[in-house]
Every structure is written in C-alpha cells, then in structure tokens.
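Observations on the three-dimensional arrangement
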Amino acid sequence: MTKQVPLGADRRDAIADAAIHLVATRGLRGLTHRAVDAEAGLPPGSTSYYLRTRSALLTACVNRMLARDLSASPPMNAGSPLDLLIEMAVSLATDRPDDLVARYELSLEASRQPELRAAIDEGSRQLRAMLAQLLGGLGVPSPSETAWPVAAMLDGLMYDRVAGVGATLSQDEFETGVRRSVTALLDGLRTDR
C-alpha cells in the first residue's frame, strides 16, 4: 500500500512537522529543504515549492509549534487553573519533547535573525496572554505582568527535563517537582507585599 502524500495545508503541516523533528534530532545544521522532503516522505523539491527560503522554513516551524500549543491547551473550564498550568507544562515536556528541543534551537537562532525573532515573539505574546488568564483565575495580582516570569520558570523546568539533569527524573518525580515549584511561586505571587 502506498503512503498518501498530503496536499495543500496538510502538506505544509507535514513539511513543518518534519522540519521540527529534524531540528530536534539533528540541530539546525541538519535542516535542509532536501532533508525535510526525505523526512516527510515528499517528492524532491516539495519543501522548496512551499517554503523557498531557509528563513521561511524556520518561521514555519515556529508557527506550527504555536498552532500545536494553542490546540493542545485544555479549555479554561476543564479543571482548576493550577492543575491546568501544571498539566500543560508536564504534558508538553512528556508528549512533545521534539517541540521543546526545536524551540530552544530556534530561539537561539532568532537572536541572529530578526524575522524569526518576530515570529517567536508573536507566539510568546499569544501564549503569555493565555497564561495571564490562568494566573488571573488563581488570584495572582497583575497577571499580565506576572505571566513573563512564570513562563520563564516553566520554560526552565521544561528545558531541564529535555536537555538537563531533569531528564534523569522519573515521570512522577518530574511532575511532583513541577507541582511543588509552581505552587510555591504562585503562593509567593499572591502574598501581599
């Protein structure tokens, strides 16, 4: 049986998915249009047809990861805001480690590429707006301003899980550590100063 070759938007998603996987497993040096075609099982030249430049390919990776983040976010009424926040961080590190590794690679590259930086910054703004809603539901004062340091802490925990010593923790140890850290941070943020 022959593999169905995706078309249109599905092909763009397949290209971005393959590119993300390559960035995560081979680094940015392993990301070429030809390698993406092979990884996605597409005819040669497909990636170049949809995304002519390397910059467009990198931006497609960022946009695809953002789309996955937004679609994977549970509804705000699905549980307590604290549990939602912890579940989002734990599930991203557990279920989508390629996205995290690729995100860190792309973030470093963005320090040298303004177009990529703009895509990452836009995605961050959208995710931090969602985080601010959760923080507001937890009674954290100034949730929009507080979203940045909370996101940075969560990013650090997830980075350690996929690229640091945290990778040696069991799933339970990781989840317990995230819960303890997030709870302590939020308790501190809610305390009157």
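Residues numbered from 1 in each chain as written. Predicted model: local features only at pLDDT ≥ 70, side-chain atom pairs only at ≥ 80, totals over all residues. Heavy atoms only, no water.

This part takes up the overall build of the chain. Along the chain, the regular secondary structure elements total 9 helices and 0 strands. When the helices and strands of the chain are listed from N to C terminus, the series reads α-α-α-α-α-α-α-α-α. Here the C-alpha coordinates of the chain stretch approximately 60 × 35 × 30 Å along the principal axes. A total of 193 residues make up the chain; the buried ones form 39% of that total. Accessible surface, the chain as shown: approximately 10,600 Å² in total, 55% of it carbon and sulfur. When the 21 basic and 24 acidic side-chain charges of the chain are each reduced to a single mean position, those positions are 6 Å apart. (Helix = DSSP H or I, 4+ residues; strand = E, 2+ residues; numbered from the N terminus. Buried < 20%, exposed > 50% of the residue type's maximum accessible area, 1.4 Å probe, protein only. Areas by Shrake-Rupley, 256 points an atom, 1.4 Å probe, with all protein chains shown as cover. Lys, Arg positive; Asp, Glu negative; His and termini not counted. Charge placed at Lys NZ, Arg CZ, Asp CG, Glu CD.)

This part covers the nonpolar core. The biggest cluster of nonpolar side chains holds 26 residues, and the ones touching the most others in it are Leu 31, Val 36, Leu 57, Leu 106 and Leu 116. For this core, the secondary-structure elements that each account for two or more residues are α1 (8-26), α2 (33-40), α4 (54-72), α6 (97-110) and α7 (114-137). For this core, the leading source of residues is α1, giving 7 residues. Of all hydrophobic cores here, the second largest spans 25 residues; its members include Leu 84, Leu 100, Tyr 104 and Leu 135. (Core = buried A, V, L, I, M, F, W, Y, C linked by side-chain atoms within 4.5 Å.)

The next thing to look at is helix α8 (residues 143-163). The first and last C-alpha atoms of α8 sit 29 Å apart over 21 residues, in line with the 30 Å expected at 1.5 Å per residue. Listed as buried for α8 are Thr 146, Ala 147, Val 150, Ala 151, Leu 154, Met 158 and Arg 161. Structurally, α8 contributes buried residues whose contacts are with α5 (81-95), α6, α7 and α9 (171-190). (Expected span 1.5 Å × (residues − 1). Contact = heavy atoms within 4.5 Å.)

With respect to the helices, strands and loops of the structure, Ala 35 is situated in helix α2. Here the alpha-carbon distance between Ala 35 and Val 178, two residues 143 residues apart in the chain, equals 36 Å. When neighbours within four sequence positions are excluded, Ala 35 is seen to be in contact with Leu 22, Arg 26 and Gly 30.

Glancing now at the packing of aromatic side chains. The tally for this structure, following the rule as stated, stands at 2 aromatic pairs. Plain terms: the ring middles of Tyr 49 and Tyr 50 are 5.1 Å apart, the flat faces sit at 85 degrees to each other, and that makes the pair edge-to-face. Given a relative accessible area of 63%, Tyr 49 falls into the exposed group. For the ring pair Tyr 104 and Tyr 159, a centre distance of 5.1 Å and an interplane angle of 75 degrees mean the geometry is edge-to-face. Within this pair, whereas Tyr 104 is found in helix α6, its partner Tyr 159 is found in helix α8, the two being separated by 55 residues in sequence. On the basis of relative accessible area, Tyr 104 is assigned to the buried category, the value being 15%. With a relative accessible area of 43%, Tyr 159 lands in the partly exposed category. (Phe/Tyr/Trp six-rings, centres within 6.5 Å; stacked < 30°, edge-to-face > 60°.)

On to the layout of surface pockets, then. As a volume, the largest pocket reaches approximately 790 Å³. Taken together, 32 residues line the largest pocket, and the ones lying closest to its centre are Asp 69, Leu 92, Arg 103, Leu 127 and Met 158. Looking at the lining of the largest pocket, the elements that each hand over two or more residues are α4, α5, α6, α7 and α8. At 9 residues, α7 tops the list of elements feeding residues into the lining of the largest pocket. Considering only residue class, the lining of the largest pocket consists of 19 nonpolar, 5 polar and 8 charged. (1 Å grid on protein atoms, 1.4 Å probe; cavity = no way out; pocket = protein on both sides within 12 Å on 5 of 7 lines; lining within 4 Å. Points joined across faces, edges and corners; volume = space filled by probe spheres on them. Nonpolar A, V, L, I, M, F, W, Y, C, P; charged D, E, K, R; others polar.)

What follows covers the pattern of salt bridges. Within this structure, the stated rule accounts for 12 salt bridges. Among the ionic pairs, Glu 109 bridges to Arg 112, the shortest N-O distance being 2.9 Å. Classification of Glu 109 as buried rests on a relative accessible area of 15%. You can call Arg 112 exposed: its relative accessible area is 57%. Here the residues in one salt-bridge network are Asp 13, Asp 17, Arg 64, Arg 68, Asp 69, Arg 96, Asp 99 and Arg 103, joined through shared partners. (Salt bridge = Lys/Arg side-chain N within 4 Å of Asp/Glu carboxyl O.)

Limitation: the analysis is restricted to geometry and does not speak to function.
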